[in-house]
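If you want the building blocks of each chain, they are given just below.
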Amino acid sequence: MSESSLHLTKFEHRAVIKFLVKKGKTAKEIFEETSSVYGESGPSSATVKRWTRLFQQGRDTLEDDPRSGRPNTAVTDENIEKIAEELGFSKERVGDIMHNHLHMNKVSARWVPKMLTPLDKQRRVETSEEFLDLCKDNLEEICTRIVTVDETWIRQYDPESKQESMQWIEKGERPPKQFKVEKSASKLMAIIFWDCEEVLLIDYLPKKLQ
């Protein structure tokens, strides 16, 4: 097989990943298999992990999601290393150029509860439309009858944060000391039910069912 035949497009890479996901392969197994076949021209580990997750969540298309507004200009540490290697610079030098000359800042990612696939988004739209159709002109009445449920972990001991332990003192007085205490390892799963007015029930799941 010639070297040029091993250079696949990104869509061909995704098709290979999708096929291997259908066969029950994990992201690690897929990366190892594509690397053994395509070598350096194969998809990166990050690409394999991302598309494996998307296909496992029900994604069908190989196309990129449409983007609106300002394009995403975020650069990861992995990309910085690749840029530094290609230019023959150190990673620190590339970071200095990006910060002082391109005026870019490194920020933490914003945590969200769950990554929604296009299929998840479509289902939420359909569910919302069905709910609005059910409510019709009785939206306020229907909302008062809705009961919501959520769950959370509760530790037996959760120490105060620095902000919670703040207190007023007189000028010249020494601030109080607070000894560092670790959070309790023992915890319970609490299930809470509530409506628009109050909490209806708090139930604690037995440890054997957690």
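Anything mentioned here points back to the structure above.
Attention in this report is confined to the structure presented alongside it. (Residues numbered from 1 in each chain as written. Predicted model: local features only at pLDDT ≥ 70, side-chain atom pairs only at ≥ 80, totals over all residues. Heavy atoms only, no water.)

## With respect to the overall build of the chain
- In terms of regular secondary structure, the chain is built from seven helices and three strands.
- Listed by position from the N terminus, the elements making up the chain come as α-α-α-α-α-α-α-β-β-β.
- Contacts spanning at least 24 positions in sequence make up 54% of the contacts within the chain whose residues lie at least 6 apart.
- Entry remark: accessible area of the chain is about 18000 Å², with carbon and sulfur atoms responsible for 53%. (Helix = DSSP H or I, 4+ residues; strand = E, 2+ residues; numbered from the N terminus. Contact = heavy atoms within 4.5 Å. Areas by Shrake-Rupley, 256 points an atom, 1.4 Å probe, with all protein chains shown as cover.)

## Structural notes on the nonpolar core
- In this structure, I17, L20, V21, I30, V48, W51, L54 and F55 together form the largest nonpolar core, which totals eight residues.
- Of all the elements, helix α3 (residues 45-56) adds the most residues to this core, at four residues.
- Not counting residues within four places of it along the chain, the set of residues in contact with V21 comprises I30, T52, F55 and Q56. (Core = buried A, V, L, I, M, F, W, Y, C linked by side-chain atoms within 4.5 Å. Buried < 20%, exposed > 50% of the residue type's maximum accessible area, 1.4 Å probe, protein only.)

## Observations concerning the packing of helix α1 (residues 10-22) against α3
- Running from amino to carboxyl end, α1 crosses α3 at an angle of 55 degrees, the nearest separation of the two axes being 9 Å. One way to sum up the angle between α1 and α3 is to call them oblique. Two packed elements cross with a definite hand, and for α1 against α3 that hand is right-handed. The segment α1 lies against α3, with R14, I17, K18 and V21 engaging T47, V48, W51, T52, F55 and Q56.
- Taken together, the residues that form the contact of α1 with α3 break down as five nonpolar, three polar and two charged. (Axes fitted to C-alpha atoms, helices over the stretch in contact; angles between N-to-C directions. Parallel < 35°, antiparallel > 145°, perpendicular 65-115°, else oblique. Left-handed = near helix turned anticlockwise from the far one by under 90°. Nonpolar A, V, L, I, M, F, W, Y, C, P; charged D, E, K, R; others polar.)

## Some thoughts on the side chain of T34
- The topology assignment puts T34 in helix α2 (residues 27-38).
- Under the relative-accessibility criterion, T34 is labelled buried at 4%.
- If near-sequence neighbours (up to four positions away) are discounted, T34 is found in contact with V16, L20, G39, P43 and V48.

## Things to note about α3
- The terminal C-alpha atoms of α3 lie 16 Å apart, and with 12 residues this matches the ideal 16 Å at 1.5 Å per residue to within 8%.
- On its buried face, α3 sits against α1 and α2.
- Residue G58 follows α3 closely and has a positive phi angle near 110 degrees. (Expected span 1.5 Å × (residues − 1).)

## Regarding the sheet that holds strand β2 (residues 187-194)
- Sheet architecture is open: three strands sit in the order β1-β2-β3, paired in antiparallel fashion. With partners counted over all chains shown, the strands left at the sheet margins are β1 (148-155) and β3 (199-205), one partner each. Shown here is a sheet whose adjacent strand axes are inclined to one another by a mean of 25 degrees, direction ignored.
- Here eight bridges tie β1 to β2, and the two strands are oriented antiparallel to one another. In the strand pairing of β2, E151 is matched with I191. (Pairing = 2+ DSSP bridges.)

## Concerning the packing of aromatic side chains
- Overall, the coordinates contain one aromatic pair when judged by the stated rule.
- Centroid distance W51 to F55: 5.6 Å. Interplanar angle 40 degrees. Geometry classified as tilted. Taken as a pair, W51 and F55 lie in helix α3 at a separation of four residues, close to a single helical turn. Across the pair, F55 and W51 agree in class, each one buried. (Phe/Tyr/Trp six-rings, centres within 6.5 Å; stacked < 30°, edge-to-face > 60°.)

## Notes on the packing of α2 against α3
- Taken N-terminus to C-terminus, the directions of α2 and α3 make an angle of 135 degrees; their axes are 9 Å apart at the nearest point. Considering the angle they form, α2 stands oblique to α3. Like other packed secondary-structure pairs, α2 and α3 cross with a definite hand, here right-handed. Of α3, the residues touching α2 (which contributes A27, I30, F31 and T34) are S45, V48, K49 and T52.
- The residue makeup of the contact of α2 with α3, split by class, is four nonpolar, three polar and one charged.

## A short note on α1
- Taking 1.5 Å of rise per residue, 13 residues should cover 18 Å, and α1 covers 18 Å from first to last C-alpha, within 8% of that figure.
- Within α1, the full set of buried residues consists of H13, R14, I17, K18, L20 and V21. Within α1, the buried residues cover an arc of 165 degrees as seen down the axis, which keeps them to one side. Residues of α1 that are exposed and point more than 90 degrees away from the buried face comprise F19 and K22.
- If you follow the buried residues of α1, they end up packed against α2 and α3.
- G24 sits one or two positions beyond α1 and adopts a positive phi of about 90 degrees. (Arc of directions from axis to C-beta.)

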